[in-house]
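Below, each chain spelled out in residue letters.
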Amino acid sequence: PEEHVPATASISEVMSGAWAYGDKLMKECKIGPFTQEIYDGTQQERDLKLCEGPYNEDEVSTILETEEWLCLRRLPDEQKDKIRPVDDGHANGAN
């Protein structure tokens, strides 16, 4: 089993930077070699009811009934025979 690692920031500290992190993601967002695979894989997850969307920022805030939420970047996980989209919860401070 993995060793427990204590949090380095409180939830309020992470959430206080949520909008700045989202703005940073939007500015750094670029088309990459696996962009289409990430998008297609995310749509497949949605079709399997594993997630919902896509939603824009206003729609997420309306659904959650708050503007206090934290977005995640999706990354490609290169597997033997496919590219699987995975959430990067480390970069935004969630993990």
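For the structure, check the block above.
Every chain's residues receive numbers from 1 upward, in the order its sequence appears when written. Where totals are concerned, whole chains, interfaces and linings use all residues; where local detail is concerned, this predicted model gives features only for residues with pLDDT of at least 70, and gives and counts side-chain atom pairs only at 80 or more. The side-chain figures draw on all heavy atoms in the structure; neither hydrogens nor water molecules are used.

Looking now at the pattern of salt bridges. Opposite charge on two side chains permits pairing when their charged atoms draw close. In the sections that follow, a salt bridge refers to a side-chain nitrogen of Lys or Arg positioned within 4 Å of a carboxyl oxygen of Asp or Glu. With the rule as written, the count across this model stands at 5 salt bridges. Across the pair E45 and R74 runs a salt bridge, and its minimum N-O distance is 3.1 Å. Here the residue E45 occupies a position in helix α3 (residues 35-47), and R74 occupies one in strand β1 (residues 73-78), the gap between them amounting to 29 residues. One salt bridge connects D47 with R46, and the closest N-O pair in it is separated by 3.0 Å. Residues participating in the shared-partner salt-bridge network are E45, R74 and D87. The helix count covers DSSP runs of H or I at least four residues long, the strand count covers runs of E at least two residues long, and both are numbered beginning at the N terminus.

On to helix α4 (residues 57-64), then. The periodicity of an α-helix, 3.6 residues per turn, causes residues three or four positions apart to be oriented the same way. The term polar contact refers here to a pair of N or O atoms within 3.5 Å; inside protein, the definition further demands a hydrogen-donor-capable atom paired with an acceptor-capable atom, and it admits residues adjacent in sequence only when both atoms are side-chain atoms. The N-cap of α4, judged by a side-chain oxygen 3.0 Å from the amide nitrogen of D58 a few residues on, is N56. Following α4 by one or two positions, E65 has its phi on the positive side, about 60 degrees.

What follows is about the packing of aromatic side chains. Put simply, two rings from Phe, Tyr or Trp (the six-membered ring, in Trp's case) pair if the centres are within 6.5 Å, and we call them stacked under 30 degrees between planes, edge-to-face over 60, tilted for the rest. Tallying each qualifying case throughout the model produces 1 aromatic pair. For the pair W19 and W69, a centre-to-centre distance of 5.3 Å together with 70 degrees between the ring planes defines the contact as edge-to-face. One end of the pair, W19, is in helix α2 (residues 18-28); the other, W69, is in the loop between α4 and β1, with 50 residues separating them in the sequence. Each residue is placed in one exposure class: buried if its accessible area under a 1.4 Å probe, protein chains only, is under 20% of its type's maximum, exposed if it is over 50%, and partly exposed if it falls in between. The exposure class assigned to W19 is partly exposed, which follows from its relative accessible area of 34%. For W69, a relative accessible area of 15% translates into the label buried.

With that settled, the discussion passes to α3. To estimate the expected span of a helix, subtract one from its residue number and multiply by 1.5 Å. For α3, with 13 residues, the first-to-last C-alpha span of 18 Å sits near the 18 Å given by 1.5 Å per residue. I38, G41, Q43 and E45 are the residues of α3 that are buried. If you follow the buried residues of α3, they end up packed against β1 and β2 (83-88). Looking one or two places after α3, you find K49, whose phi comes out positive at around 70 degrees. Contact between two residues is taken to exist if any of their heavy atoms lie within 4.5 Å; hydrogens are not considered.

It is worth spelling out the pairing of β2 at this point. Being paired, for any two strands, means DSSP has found at least two bridges between them. In this structure, β1 lies alongside β2, joined through 6 bridges in antiparallel fashion. Paired with R74 across the bridge in β2 is D87. Joining the antiparallel neighbours β1 and β2 is a turn of 4 residues.

It is worth spelling out a negative patch on the surface at this point. The patch calculation keeps residues exceeding 30% relative accessible area without a salt bridge and links them within 9 Å when they carry like charges or within 5 Å when they are nonpolar (Val, Leu, Ile, Met, Phe, Trp, Tyr). Accessible surface is estimated by sampling points in the Shrake-Rupley manner with a 1.4 Å probe; for residues, cover comes only from the protein chains shown. Counting rule applied: Lys, Arg positive; Asp, Glu negative; His and chain ends not counted. For this purpose, a charge sits on NZ of Lys, CZ of Arg, CG of Asp or CD of Glu. On the surface, D23, E57, D58, E59, E67 and E68 cluster together to form a negatively charged patch. No other element matches α4, which puts 3 residues into the negative patch. You can see E57 is positioned in helix α4. Since its relative accessible area comes to 38%, E57 is described here as partly exposed.

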